[in-house]
Amino acid sequence: MQRPSHPLELQPQDLRRRTNSASLGFQTTRDLPAPEGMVGQDRALEAIDFALEIQDSRYNLFVAGPPGSGRLTAVTTAVERIARQRRAPQDWCYVYSFEQPEEPRVIPLPPGKGREFARDIDAFIDNARREMRRAFSSDSTRQKRDTLLKDLEEERKTIIASVKRDGRTLGFLLEFGPSSVAIQPARPASGERDDGEQDTLVPLTDDDFQRLSPQEREALESRRRSVEGMLDQAAPQLHALDEEENKRLRTLERETAEATVQPLADELAGRYAVSADALDFIRLLARDVIAQSEILRTGDDPVGADSAVTSSAAPDEWLSAPGGPSALTTLLHRYRVNVICAHREDDHAPVVHEINPTRANLVGWQEFGTHEGRPFTDHMMIKPGALHRANGGFLVLQANDLLRAPNAWDALKRVLRFETISLDGGEPQGPVGASQRPEPIPAAVRVALIGDRGMYFGLAEADPEFRQLFKVRADFDVEMPRNAATEQTYARYAGNVARTTGGAPLSAEAVALLIEEGSRWIERQDRLATLFGELRELTVEACYRARRAKSEITTGEHMRQAIEARERRLSILADKDEQEIEEGRTFIQTEGAVVGQVNALTVASSGDYSFSKPTRITVRTAPGQVGVIDVEREVALGGSFHSKGVLILSGYLRGRYAQEFPLSLSASLAFEQTYGGVDGDSASSSELYALLSSLSGVPIKQNLAVTGSVNQLGEIQPVGSVTEKVEGFFTVCQKRGLRDDQGVIIPRASITSLMLRDDVIEAVRAGKFHIYAIATVDEGIELLTGIPAGQPDKNGRYLEGTINARVLRTLRTYSERMRAYYGANGR
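The present account deals with the structure reproduced in this document.

Some thoughts on the pattern of salt bridges
So, point 1. What the rule picks out here adds up to 46 salt bridges.
So, point 2. The salt bridge partner of Arg271 is Asp120, with a shortest N-O separation of 3.5 Å. Taken together, the positions of Arg271 in helix α6 (residues 214–271) and Asp120 in helix α3 (residues 114–136) put the pair 151 residues apart, joining distant regions of the chain.
So, point 3. The class for Arg271 is partly exposed, based on a relative accessible area of 37%.
So, point 4. On the accessibility criterion, Asp120 (16% relative accessible area) is buried.
So, point 5. Note that Glu800 and Arg809 form a salt bridge whose closest N and O atoms lie 2.7 Å from each other.
So, point 6. For Glu800, a relative accessible area of 60% translates into the label exposed.
So, point 7. Residue Arg809 is classed as partly exposed on the basis of its relative accessible area of 42%.

Notes on the environment of Leu268
So, point 1. On the secondary structure map, Leu268 appears in helix α6.
So, point 2. On the accessibility criterion, Leu268 (1% relative accessible area) is buried.
So, point 3. Counting along the chain gives 11 residues from Leu268 to Leu279, while the straight-line C-alpha distance between them is 8.9 Å.
So, point 4. Non-local contacts of Leu268, meaning those with residues more than four positions away in its chain, are made with Asp120, Ile121, Phe124 and Ile282.

A closer look at the sheet that holds strand β6 (residues 201–203)
So, point 1. Spatially, three strands are ordered β4-β5-β6 in an open sheet, and the strand pairing comes out antiparallel. Strands at the two margins of the open sheet, each flanked by one partner only, are β4 (172–176) and β6. The sheet shows a mean angle of 45° between the axes of neighbouring strands, taken without regard to direction.
So, point 2. Examined bridge by bridge, β4 and strand β5 (residues 181–188) share five bridges and lie antiparallel to one another. Paired with Phe172 across the two strands is Pro185, which belongs to β5.

Let's talk about helix α17 (residues 508–522)
So, point 1. Counted at 1.5 Å a residue, the expected span for α17 with its 15 residues is 21 Å, and the 22 Å between its end C-alpha atoms agrees.
So, point 2. Burial within α17 is extensive, with 13 of its 15 residues counted as buried.
So, point 3. Within two residues after α17, Glu523 carries a phi angle of roughly 60°, on the positive side.

A closer look at the pairing of strand β3 (residues 105–109)
So, point 1. The buried fraction of β3 amounts to five of the five residues, a majority that puts the element mostly inside the structure.
So, point 2. Burial of β3 is two-sided: the residues Arg105, Ile107 and Leu109 facing one way and the residues Val106 and Pro108 facing the other way are all buried.
So, point 3. As paired strands, strand β2 (residues 91–95) and β3 are joined by five bridges and run antiparallel to one another. Its bridge partner lying in β3, Asp91 is registered against Leu109.

Considerations on unusual backbone geometry
So, point 1. With phi around 65°, Asn407 is a residue other than glycine that occupies positive phi space.
So, point 2. Tracing the backbone through its elements, the reader meets Asn407 in the loop between α12 (399–404) and α13 (408–418).
So, point 3. Residues other than glycine seldom take positive phi values, yet Glu523 does so here, at roughly 60°.
So, point 4. Considering the arrangement of structural elements, one finds Glu523 in the loop between α17 and β19 (527–529).

Observations regarding the packing of aromatic side chains
Pairs of aromatic rings are described using the distance from one ring centre to the other and the angle between the two planes.
So, point 1. Per the stated rule, a full pass over the model turns up 17 aromatic pairs.
So, point 2. Look at Tyr96 and Phe98: their rings are 5.2 Å apart centre to centre, the planes differ by 80°, and that puts the pair in the edge-to-face class.
So, point 3. The buried category is assigned to Tyr96, whose relative accessible area is 17%.
So, point 4. What makes Phe98 buried here is its relative accessible area of 18%.
So, point 5. Here the aromatic cluster, defined as three or more aromatic residues joined through ring pairs, consists of Phe62, Trp409, Tyr456, Phe457, Phe466 and Phe470.
So, point 6. In this arrangement the basic side chain of Arg297 is found over the ring face of Phe136, its NZ or CZ atom lying 3.8 Å from the centre.
So, point 7. Above the ring of Tyr456, the side-chain terminus of Arg473 is found at 4.8 Å from the ring centroid.

The rules behind the values
- Residues numbered from 1 in each chain as written.
- Predicted model: local features only at pLDDT ≥ 70, side-chain atom pairs only at ≥ 80, totals over all residues.
- Heavy atoms only, no water.
- Salt bridge = Lys/Arg side-chain N within 4 Å of Asp/Glu carboxyl O.
- Helix = DSSP H or I, 4+ residues; strand = E, 2+ residues; numbered from the N terminus.
- Buried < 20%, exposed > 50% of the residue type's maximum accessible area, 1.4 Å probe, protein only.
- Contact = heavy atoms within 4.5 Å.
- Pairing = 2+ DSSP bridges.
- Axes fitted to C-alpha atoms, helices over the stretch in contact; angles between N-to-C directions.
- Expected span 1.5 Å × (residues − 1).
- Phe/Tyr/Trp six-rings, centres within 6.5 Å; stacked < 30°, edge-to-face > 60°.
- Lys NZ or Arg CZ within 6 Å of the ring centre and 35° of its normal.

Written out as structure tokens, the structure reads:
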């Protein structure tokens with residue numbers, strides 16, 4: 001059948017920009033190289049490089065763009081490239097604070113030295129204990145001890161002998177123990193000695209005591225008191241000797257321990273002379289080891305563990321011994337080094353991706369244990385966060401994840417503002433009685449926050465400090481020009497996806513369809529989508545279908561199947577809407593003509609899928625003063641953009657028809673059978689056509705559907721989702737049986753947005769469906785009614801019978817009626 005010709009009708013070649021597979025320059029993607037860099041995002045890449053390379057801590061980066069646009073890949077590539085050019089940062093360790101135990105100290109060390117320092121400290125403690133045992137058990141130390149105490153022992157023996165002698169004189173035997181003196185009544189042994197001296201005294205038995213007379217017992221008690229008096233007189237001398245002995249032993253122990261430990265400490269300090277903090281810790285550690293030498297050399301090693309390893313896995317592990325930890329175990333734990341952040345000497349600056357950026361995962365946390373029902377923590381229970389690991393390098397975060405975590409944004413902001421990482425945020429954390437405030441670690445980390453533009457502007461509005469901390473925004477576009485270079489990028493990218501996923505290489509025809517689909521996604525014939533995530537998914541599915549078919553090449557047919565399958569998976573809601581129309585529950589006419597009624601094309605969305613939803617718009621008009629009533633707005637279903645479009649209609653009517661009389665109109669405008677929100681102005685031209693139809697009394701053809709916004713001058717403006725809208729009405733008509741007169745009217749400025757399906761294009765080619773592109777309201781109303789719109793003459797009059805003449809006559813009549821009404825009622 002010969003297609004009817006109309007000057008506003010589009011031809012099949014206008015409806016989709018094809019890609020000639022022969023022009024791509026390859027048979028398959030097998031030998032195509034991987035794409036070099038990222039195409040179409042020059043501005044974003046420049047911003048990323050600037051933010052990451054500038055030496056200013058406030059120039060953190062916010063990467064704005066939709067998921068799948070390559071934003072994460074671009075940031076990762078950039079930070080890894082720049083990180084490789086920078087040396088590894090310092091290692092950081094927490095150690096016990098001998099001066100302020102509740103405030104663990106932090107020690108910076110050159111890269112690669114952190115774990116080495118921890119091992120060296122463990123080895124130092126082991127060596128110190130071993131050498132002190134050896135030194136204190138040596139003959140020379142015993143000789144020093146004996147020599148040091150010899151005079152004191154002689155003096156003690158003299159004092160004790162004198163007291164014993166005086167006690168014997170009074171009839172008592174004295175036995176000196178370690179901490180007490182036994183006073184025993186005695187009597188002379190029977191007989192006399194040859195030298196004339198008194199016999200040896202023997203202890204008084206109970207029988208002997210019972211035979212004593214009361215007077216003898218009283219005399220015995222009196223002599224005992226005298227002996228006790230002598231002991232009281234001798235006690236200060238003996239105590240002084242004990243004190244002097246202890247003093248000399250402590251001095252000897254300290255000197256021996258110092259002579260043993262200090263050379264080891266000096267040797268250790270020599271290896272860490274580059275760090276003043278490490279040297280200070282070694283000095284204090286050596287002093288404490290010397291002071292605790294008796295426990296360290298005499299205590300038993302922890303059962304089943306190396307003496308230098310007492311707790312690194314669980315907070316309660318070293319507390320679990322029966323009766324609690326020994327003094328030795330406590331000391332060994334105190335001396336351990338907690339390596340918070342360690343690198344190799346040949347490392348580069350770190351790059352950290354934190355996928356769960358809670359407050360604790362960012363700034364670290366403290367573990368807590370219990371001992372005998374009481375909470376406990378120490379420097380070994382400090383755990384690092386992502387900011388510790390990224391310190392001196394780069395931290396990449398997803399903004400959405402960060403903002404969902406309680407207090408995470410404030411914690412990150414505090415680190416960036418003060419350039420320190422503090423676990424407690426300035427306040428002690430943890431149970432009462434177990435809190436500690438670790439020394440903050442200086443922070444030098446560059447943060448890349450990935451989100452969308454809405455998040456960026458939301459943060460900027462909610463937090464005045466946001467722009468001060470994130471001074472650079474890298475905007476990722478969703479589209480790029482469609483030219484030979486970008487088409488080659490698609491080909492290389494798809495080929496690389498197939499290669500890396502084990503799929504069959506793509507034919508040139510498959511790539512051509514992929515390129516056309518990229519234009520469909522962005523709704524532009526001259527542009528390609530930069531949604532490389534979507535591109536990858538479609539390529540993987542096409543390769544899957546090739547593998548199922550046992551094909552060595554992913555052909556155009558496999559790509560076509562993948563596209564159709566993807567559409568089918570996502571279109572369940574669209575199918576239900578079409579079913580409602582087909583079964584007559586949603587009123588849409590595709591034939592006949594009705595006054596004040598037009599088929600508008602709207603778009604609904606279900607998450608990641610949007611589809612056209614043909615909708616009936618009706619208008620009823622009468623004389624009045626309220627103007628155009630937007631029913632959707634009156635019931636709070638209309639959005640601001642839709643309301644703006646309706647208000648523009650009144651401006652158009654006034655400007656075109658109400659120059660010689662006041663506009664006296666009451667019109668109600670409604671989207672029929674819509675129960676959700678209505679927004680956007682893409683149906684404003686449809687609303688105007690229904691309004692003009694109602695005012696002129698001329699019916700509108702229901703075999704046509706309309707999309708396009710209108711301005712007050714009557715110009716038809718471009719709208720979005722034109723491809724989906726055309727295909728939506730085509731599907732309705734197709735299911736009812738295509739006729740020769742059905743079609744869609746779109747803005748002329750939207751022609752380049754068309755990337756229609758093949759079945760729509762074939763129907764247009766066969767004259768079964770028509771697509772018209774217009775630039776003005778007059779062109780549209782002529783197509784919809786079959787009657788000329790009419791142009792004003794030099795006096796502003798329209799030719800009788802035209803649409804504009806009829807509208808003008810009706811509006812003039814409304815004005816006269818209202819004037820007469822108000823005059824009759826004295827208004």
